[in-house]
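# Structure at a glance
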Protein chains: 2
Amino acid sequence: MTDRPREIETLIEMMARLPGLGPRSARRAVLHLVKKRAVLLVPLAQAMQQAAETARECQCCGNITTTEICEICTDPERTTGTICVVEDVADLWAIERGGVFKGRYHVLGGTLSALDAVGPDELRIPTLAARVRDEGISEVILALNATVDGQTTAHYIADALADTGVTLTSLAQGVPIGGELDYLDDGTISAALKARKGF
Amino acid sequence: MTDRPREIETLIEMMARLPGLGPRSARRAVLHLVKKRAVLLVPLAQAMQQAAETARECQCCGNITTTEICEICTDPERTTGTICVVEDVADLWAIERGGVFKGRYHVLGGTLSALDAVGPDELRIPTLAARVRDEGISEVILALNATVDGQTTAHYIADALADTGVTLTSLAQGVPIGGELDYLDDGTISAALKARKGF
Ligand SMILES: [Zn+2]
Ligand SMILES: [Zn+2]
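The rules behind the values
- Residues numbered from 1 in each chain as written.
- Chains lettered and ligands numbered in written order.
- Predicted model: local features only at pLDDT ≥ 70, side-chain atom pairs only at ≥ 80, totals over all residues.
- Heavy atoms only, no water.
- Buried < 20%, exposed > 50% of the residue type's maximum accessible area, 1.4 Å probe, protein only.
- Helix = DSSP H or I, 4+ residues; strand = E, 2+ residues; numbered from the N terminus.
- Right-handed = clockwise from strand over helix to strand, strands pointing away.
- Contact = heavy atoms within 4.5 Å.
- Buried area = accessible area lost by both parts, 1.4 Å probe.
- Salt bridge = Lys/Arg side-chain N within 4 Å of Asp/Glu carboxyl O.
- Pairing = 2+ DSSP bridges.
- Domains from an automatic or database assignment.
- Least-squares fit on C-alpha atoms with pLDDT ≥ 70 in both.
- Donors = N, O, S within 2.8 Å, 3.2 Å for Na, K, Ca; no water.
- Tetrahedral: all angles 85-135°; square planar, octahedral: opposite > 155°, others 65-115°.

What follows is about the pairing of strand S4 (residues 104–107) of chain B. The two faces of S4 of chain B match: Arg104 and His106 of chain B on one face and Tyr105 and Val107 of chain B on the other face are all buried. The parallel pair strand S3 (residues 82–86) of chain B and S4 of chain B, bridged by helix H5 (residues 89–98) of chain B, forms a crossover whose chirality is right-handed.

To continue, consider the interface of chain B and chain A. Listed per partner, the contact involves 58 residues of chain B and 58 residues of chain A. Here chain B and chain A share an interface that buries about 5600 Å² over both sides, 66% of which is from carbon and sulfur atoms. A per-residue breakdown of the area chain B buries against chain A is headed by Asp3, Met48 and Trp93 of chain B, which together make up 13% of the total. Across the pair Lys35 of chain B and Asp88 of chain A runs a salt bridge, and its minimum N-O distance is 2.7 Å. When residues in the side of chain B that touches chain A are grouped by element, the largest group, 16 residues, is from helix H3 (residues 37–54) of chain B.

Next up on the list: the pairing of strand S4 (residues 104–107) of chain A. Bridge analysis of strand S3 (residues 82–86) of chain A against S4 of chain A gives four bridges, and the strand direction is parallel. Following the sheet pairing, Val86 of chain A is matched in S4 of chain A by Val107 of chain A.

For chain A, the assigned domains read domain 1 (6–54) and domain 2 (64–170). Taking only C-alpha atoms, the centre of domain 1 of chain A and the centre of domain 2 of chain A are 33 Å apart.

A word on the relation of the copies chain B and chain A. The operation relating chain B to chain A is a screw motion whose rotation component is 180 degrees, with 0.0 Å of axial translation and a residual RMSD of 0.1 Å. With respect to symmetry, the two chain copies, as superposed, fit the operation of a two-fold axis. Among all residues of chain B, the one whose C-alpha sits closest to the rotation axis is Ala45 of chain B, at a distance of 2.5 Å. An overlap of 100% is found between the interface residues of chain B and their copies at the interface of chain A, pointing to a shared contact surface.

Take the coordination of the zinc ion (ligand 1) next. All names here are of chain A. Protein-derived ligands of the zinc ion (ligand 1) are Cys58 (SG), Cys61 (SG), Cys70 (SG) and Cys73 (SG), with the metal-ligand distances lying across 2.3 Å. Around the zinc ion (ligand 1), the four donor atoms sit at angles spanning 103 to 116 degrees, and that spread fits a shape best called tetrahedral. All donors to the zinc ion (ligand 1) come from one chain, and their sequence spacing reads C-x2-C-x8-C-x2-C.

If you want it as structure tokens, here you go:
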């Protein structure tokens, strides 16, 4: 379609690359943005600029933060002996919505995958072992997705941490087979977390 | 959720206000953006900034443009005697995807609606009558949605243009009852346009 201004076309193409948006919803979103230029497009452009300038990975746990170490890692109210290992920041957010877990996190940044050639060093696994030793961790909750790759990764981490003597737990039954944490309702996650069992 | 940095929270809230995105898809989109900061977040922020600075309404037809008069209105290859009236720029884009119509457009910016208190002066109806007189228009295609408000608006425009002597047509059967143009496949719209009938 050649009769759309280049600036609009570019914006539609970039929006269409977001997860959950296709070409059609990208077109509708952009039209909406242009119509609400002052109250939506301008502030959203600024918010993106701000996020681009400030967002980074927590040097300790991999959470998204705007400081060197994230607010969860530095929160004195949170317990220090337990680390909850998740694949992704979306999973951390999902568990936080439940409001049950009061320890710290470790965001792997994915799962081991032979198919995608993701090995332990592509993930935040070496630093997890270091944290368990250095921070006096007594329990590691392996809150990975109930997928083949998620469970393969959980077993790999369990092996890697075996000689540290740390207690390994996983989420209780309640997480459906093949279920991804970020798709579950908050209550299910909290219940599974409370009833967590030895791994 | 207080443990998310303010900049990220703001971005999620604004993204959630886009049509087709809820809180969950906004969270996923923002995570994706932050992970792909260099290749997606930064360019998207710039594209939004650019669109915010340049996008405006065509002073002639209401299309989105970056110039005073849009590329369709100024295209010498397009025929000048026919105006296709649409509710929204999304409908103009949908018809352009069909590639059949070679005339000009007039974007109303909505439909008459007693419920929402939208009268003729809130829409681009007075300027349509002026264009029909000034541009020597012989045919006005009323390509409004097959909804109650769309058809009410079409009848209102037909009355308003009655004394100009212009030929009024509407899209042929093929547009389903209650169907919105932007949701139809391109072939359906083109077929309905080719087989358009007197209004
Ligand atoms: Zn952290
Ligand atoms: Zn125009």
